[in-house]
Amino acid sequence: MSDLDQLTQSLARNLKRWRAERGLTLDALAARAGVSRGMIIQIEQARTNPSVGTTVKLADALGVSITTLLDYEQGPQVRVVPPDQAVRMWSTSTGSFTTLLVGTEKRGPLELWAWELMPGDRSESDAHPDGTIELLHVTAGDLTLLVDGAAHTVPAGSSATFEANVPHGYRNDGAEKVVMTMAVSIPPVR
């Protein structure tokens, strides 16, 4: 079974499980996430591999991290994630990518990401739930951080944080690859 097949099966199993645990019908989850009922059915039947944006919307609507939506195995207090088990979530033909390194559900979802953005590439995100915070540290290149329509330059060696309850994105306007690490803290569902 390929990595993509494993990811599709895991997402199907976990989406069904979390939707049932939250007591949400297909229609209720569709309305809450802004994702069509048909798309949710396809995902739950492992007939499609949704975009990162769709996966984020579903995770946000369920109040869980992407880590939990993709892999629900609860282990011991310490969990080591080998590089080959980190989840590649987004990539471009030019070599840009994001990788979900590790995450947890304790006291609200918390995710740690590795990013590489090639010159000219960008990634945009819809607003996350109120209380969601993103922190990032750029180790190479100059990142253009877009938050609610405003651009902010974050050069190598610098860090930034922002409330991610507004549309936001990441862009590489330079000639050098941008490398960064990002943490996302999502408030627990009440």
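Check the entry above for the structure.
Heads up: these notes are all about the structure in this document.

Cut-offs applied
Residues numbered from 1 in each chain as written. Predicted model: local features only at pLDDT ≥ 70, side-chain atom pairs only at ≥ 80, totals over all residues. Heavy atoms only, no water. Helix = DSSP H or I, 4+ residues; strand = E, 2+ residues; numbered from the N terminus. Contact = heavy atoms within 4.5 Å. Buried < 20%, exposed > 50% of the residue type's maximum accessible area, 1.4 Å probe, protein only. 1 Å grid on protein atoms, 1.4 Å probe; cavity = no way out; pocket = protein on both sides within 12 Å on 5 of 7 lines; lining within 4 Å. Points joined across faces, edges and corners; volume = space filled by probe spheres on them. Nonpolar A, V, L, I, M, F, W, Y, C, P; charged D, E, K, R; others polar. Core = buried A, V, L, I, M, F, W, Y, C linked by side-chain atoms within 4.5 Å. Axes fitted to C-alpha atoms, helices over the stretch in contact; angles between N-to-C directions. Parallel < 35°, antiparallel > 145°, perpendicular 65-115°, else oblique. Left-handed = near helix turned anticlockwise from the far one by under 90°.

### Quick notes on the environment of Leu 143
Phase 1 of the analysis: Among the secondary structure elements, Leu 143 is positioned in strand 6 (residues 142-147).
Phase 2 of the analysis: Separated by 37 residues in sequence, Leu 143 and Met 180 have C-alpha atoms that sit 8.6 Å apart.
Phase 3 of the analysis: Ignoring anything within four residues of it in the chain, the contact list for Leu 143 reads Leu 117, Leu 136, Val 138, His 152, Thr 153, Val 154, Tyr 170, Arg 171, Val 178 and Met 180.

### Describing the side chain of Thr 54
Phase 1 of the analysis: Mapped onto the secondary structure, Thr 54 falls in helix 4 (residues 52-62).
Phase 2 of the analysis: Judged by its relative accessible area of 16%, Thr 54 falls in the buried class.
Phase 3 of the analysis: The contacts of Thr 54, once residues within four sequence positions are left out, are Val 35, Met 39 and Ile 43.

### Concerning the layout of surface pockets
Phase 1 of the analysis: Taken as a whole, the second largest pocket encloses approximately 510 Å³ of empty space.
Phase 2 of the analysis: Of all the secondary structure elements, the ones that give two or more residues to the lining of the second largest pocket are helix 2 (26-33), helix 4, strand 3 (110-117), strand 4 (122-125), strand 9 (168-171) and strand 10 (178-185).
Phase 3 of the analysis: It is helix 4 that contributes the most residues to the lining of the second largest pocket, seven residues altogether.
Phase 4 of the analysis: Split by residue class, the lining of the second largest pocket holds 15 nonpolar, six polar and seven charged.

### What to know about the nonpolar core
Phase 1 of the analysis: In terms of nonpolar packing, the biggest core is built from 43 residues, with Leu 58, Leu 136, Leu 143, Leu 145 and Tyr 170 touching the most fellow members.
Phase 2 of the analysis: In terms of residues, this core owes the most to one element, helix 4, which gives five residues.

### A word on the packing of helix 2 against helix 4
Phase 1 of the analysis: Viewed as axis vectors pointing N to C, helix 2 and helix 4 meet at an angle of 110°, and their least axial separation amounts to 9 Å. One finds that helix 2 runs roughly perpendicular with respect to helix 4. In this structure, helix 2 crosses over helix 4, and the sense of that crossing is right-handed. Side by side, helix 2 and helix 4 meet where Leu 29, Arg 32 and Ala 33 of the first sit next to Lys 57, Leu 58, Ala 61 and Leu 62 of the second.
Phase 2 of the analysis: Split by residue class, the contact of helix 2 with helix 4 holds five nonpolar, no polar and two charged.

### A short note on the environment of Leu 7
Phase 1 of the analysis: Inspection of the secondary structure assignment puts Leu 7 in helix 1 (residues 3-21).
Phase 2 of the analysis: Excluding anything up to four places from it in sequence, Leu 7 contacts Asn 49, Leu 70 and Val 87.

### Structural notes on the packing of helix 2 against helix 3 (residues 37-44)
Phase 1 of the analysis: Closest axis-to-axis distance for the helix 2/helix 3 pair is 9 Å, and the angle between their directions is 115°. Looking at the two axes, helix 2 sits roughly perpendicular to helix 3. The two elements helix 2 and helix 3 cross, and the hand of that crossing is right-handed. When helix 2 is examined against helix 3, the residues Leu 26, Asp 27, Leu 29 and Ala 30 are found in contact with a partner set consisting of Arg 37, Ile 40, Ile 41 and Glu 44.
Phase 2 of the analysis: Split into classes, the residues belonging to the contact of helix 2 with helix 3 amount to five nonpolar, no polar and three charged.

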